[in-house]
Amino acid sequence: MKKTLLVTRPLPQSVLDACAREFDATFRDADHGLTETEAAEALGAYDAILCTLGDRFKAQAFAQAGEIRCGVLANFGVGYNHIDAAAAREAGVAVSNTPDTVTDATADIGLTLLLATARRAGEGERLVRAGQWSGWAPTQMLGSHVTGKTVGIVGMGRIGQAVAKRCALGFDMQLLYHSRSSKAVPLPAMQVDDLDELMGSADFIVVTVPATPQTHHLISREMIGLMKPGAILINISRGDVVDETALIEALEAGAIGGAGLDVYENEPEVPERLRKLDNAVLLPHLGTAALEVREAMGRMALDNARAWAKGLTLPNLVN
Ligand SMILES: NC(=O)C1=CN([C@@H]2O[C@H](COP(=O)(O)OP(=O)(O)OC[C@H]3O[C@@H](n4cnc5c(N)ncnc54)[C@H](O)[C@@H]3O)[C@@H](O)[C@H]2O)C=CC1
Ligand SMILES: O=C(O)C(=O)COP(=O)(O)O
């Protein structure tokens, strides 16, 4: 008999079809995450769960669940900070993620934000759409030149390295990076042990660390205060890695050049003060939002659920 599988969110059709072929699948038809109570219920009701960011599989969900039927949380996405992986392990629930499939698309969004912020593309687009553009002028809307500048990458993992490659090979940029460990990066990149040093020297800072207790507000008020005037902060990791209030204040004061954000502290809430700022480019968590990528993520999540169902080692086990 097929195992039961809950797919918590609508996914590309090809992924849903594959899930239905291999599992006795239930497709939840709501485009918002599971609350902790719903997560607890799901843990008690299904053999396997294909979940996404926004589904709150926190410690409380495991505590609330009573008898747990679920053996695997096959997460659709590489970041799994919405899952308490240690609580899952204690409850006997395997957790897997989808690394690599997301890397290039997320790095591309990083570069989209970097270029759009530096060259004031959002502001320019709003001007044209408002019918307020009065024609080319030599001093109109002058941004920062990107080519040849210094980029500092915070978290030189898969996505950080893909950003580094684009910056170095595409834009001739100098690379600095700060990471937990040193990396064999096949590019001329200088590792800096002190985050302060990177914050104070880079023209662009791109944040690509995972959200963990150690990285919460890693880009703190103090770190933002070290940025050069005119420097630009890009966050494509998770919102709570950056102190959003401190960032807004720095942007309002013009203490830094701008910010390009794909992620926010309390998604989908984006503070009004941030939305009012012309020197911020704001995207709605688009990092992996390309059909081929979402299909590949779905296949990978399903590979993990299938491995669990067959009693095999999960290819992308994280706990
Ligand atoms: N905007 C979006 O849609 C997306 C966001 N993400 C986020 O990007 C994150 C990174 O993904 P990958 O590059 O695949 O992960 P990864 O694990 O390959 O890289 C993370 C890097 O951060 C470093 N790091 C971890 N903790 C650190 C600390 N305290 N201080 C300094 N460095 C630290 C690690 O050494 C590693 O090099 C994910 O965890 C996820 O939250 C991922 C995909 C899409
Ligand atoms: O993989 C991750 O961590 C992501 O953020 C991807 O999630 P997404 O489905 O693009 O919102």
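Residues numbered from 1 in each chain as written. Chains lettered and ligands numbered in written order. Predicted model: local features only at pLDDT ≥ 70, side-chain atom pairs only at ≥ 80, totals over all residues. Heavy atoms only, no water.

**Remarks on the site of ligand 2**
Inspection of the region around ligand 2 gives Leu53, Gly77, Val78, Gly79, Val102, Arg238, His285, Thr288, Arg294 and Met297 as its neighbouring residues. Gly79 is positioned with one of its backbone polar atoms (N or O) 2.7 Å from an oxygen atom of ligand 2. Taking Arg294, its side chain carries an N or O atom lying 2.8 Å from an oxygen atom of ligand 2. Contact with the protein chains covers 88% of the free accessible surface of ligand 2, which is 310 Å². Its residues placed into classes, the shell around ligand 2 shows 4 nonpolar, 4 polar and 2 charged. (Near = heavy atom within 4 Å. Polar contact = N/O pair within 3.5 Å; in protein donor to acceptor, adjacent residues only side chain to side chain. Areas by Shrake-Rupley, 256 points an atom, 1.4 Å probe, with all protein chains shown as cover. Nonpolar A, V, L, I, M, F, W, Y, C, P; charged D, E, K, R; others polar.)

**Section: the site of ligand 1**
Around ligand 1, 25 residues are found, and the nearest of them are Arg158, Ile159, Ile236, Asp262 and His285. Between ligand 1 and Arg158, the relevant distance is 2.9 Å, taken from an oxygen atom to a side-chain nitrogen or oxygen of the residue. At a separation of 3.0 Å, a nitrogen atom of ligand 1 approaches a polar backbone atom of Ile236. Protein coverage of the free-state accessible area of ligand 1, which is 880 Å², stands at 90%.

**Things to note about the packing of helix H5 (residues 103-118) against helix H7 (residues 158-171)**
One way to put it is that H5 packs onto H7 with a least axis distance of 8 Å and a crossing angle of 50°. Between H5 and H7, the interaxial angle falls into the category oblique. The way H5 lies across H7 gives a crossing that is right-handed. When H5 is examined against H7, the residues Thr103, Asp104, Thr106, Ala107, Asp108, Leu111, Leu114 and Leu115 are found in contact with a partner set consisting of Arg158, Ile159, Ala162, Val163, Arg166, Cys167 and Phe171. By residue class, the composition of the contact of H5 with H7 is 9 nonpolar, 2 polar and 4 charged. (Axes fitted to C-alpha atoms, helices over the stretch in contact; angles between N-to-C directions. Helix = DSSP H or I, 4+ residues; strand = E, 2+ residues; numbered from the N terminus. Parallel < 35°, antiparallel > 145°, perpendicular 65-115°, else oblique. Left-handed = near helix turned anticlockwise from the far one by under 90°. Contact = heavy atoms within 4.5 Å.)

**So, the UniProt feature "domain: D-isomer specific 2-hydroxyacid dehydrogenase catalytic" (unreviewed entry) in the protein chain**
As annotated by UniProt and renumbered to match this structure, "domain: D-isomer specific 2-hydroxyacid dehydrogenase catalytic" (unreviewed entry) occupies residues 6-319. End C-alpha atoms of residues 6-319 are separated by 20 Å, and the span's content is 37% helix alongside 15% strand. (UniProt positions renumbered as here; feature names shortened; annotations may be inferred.)

**Topic: the domain arrangement of the protein chain**
You'll often see interface size given as the accessible area lost when the parts meet. What the domain assignment lists for the protein chain is domain 1 (4-101 + 291-309) and domain 2 (103-282). Taking the mean C-alpha position of each, domain 1 and domain 2 sit 31 Å from one another. In this assembly, 8 residues from domain 1 lie in contact with 5 residues from domain 2. The largest contributions to the domain 1 side of the interface with domain 2 come from Leu53, Asn81 and Asp100, which together make up 60% of the buried area. Inspection of the region where domain 1 meets domain 2 yields 0 salt bridges. Inspection of the domain 1/domain 2 interface yields 2 residue pairs in polar contact (both at pLDDT 80 or more). Taken together, the residues of the side of domain 1 that touches domain 2 break down into 4 nonpolar, 3 polar and 1 charged. (Domains from an automatic or database assignment. Buried area = accessible area lost by both parts, 1.4 Å probe. Salt bridge = Lys/Arg side-chain N within 4 Å of Asp/Glu carboxyl O.)

**Observations concerning the sheet that holds strand E5 (residues 94-96)**
Spatially, 5 strands are ordered E2-E1-E3-E4-E5 in an open sheet, and the strand pairing comes out parallel. Pairing within the sheet leaves two strands with one partner each, and these edge strands are strand E2 (24-27) and E5. Averaged over all neighbouring strand pairs, the angle between strand axes comes to 20°, with direction disregarded. Where helix H12 (residues 291-309) meets the sheet, its contacts fall on strand E3 (48-52), strand E4 (72-76) and E5, and the angle it forms with E4 comes to roughly 170°. (Pairing = 2+ DSSP bridges.)

**Brief notes about the sheet that holds strand E7 (residues 174-178)**
The 7 strands are arranged E8-E7-E6-E9-E10-E11-E12 in an open sheet whose pairing can be described as parallel. The outermost strands of the open sheet, each flanked by one partner alone, are strand E8 (189-191) and strand E12 (280-282). Strand-to-strand twist across the sheet, computed as the mean angle between neighbouring axes with direction ignored, equals 15°. Bridging between strand E10 (residues 232-235) and strand E11 (residues 258-261) involves 4 bridges; their strand directions are parallel. Following the sheet pairing, Ile234 is matched in E11 by Gly260.

**Focus on the environment of Asn235**
Topologically, Asn235 is positioned in strand E10. Taking the C-alpha atoms as reference points, Asn235 and His178, 57 residues apart in sequence, are found 15 Å from one another. With near-sequence residues (within four places) excluded, Asn235 lies in contact with Leu113, Val207, Val242, Gly260, Leu261, Asp262 and Val263. A distance of 2.9 Å separates a polar side-chain atom of Asn235 from the backbone nitrogen of Ser237. Engagement of the side chain of Asn235 in a polar contact is seen with the backbone oxygen of Arg238, the distance being 3.2 Å.

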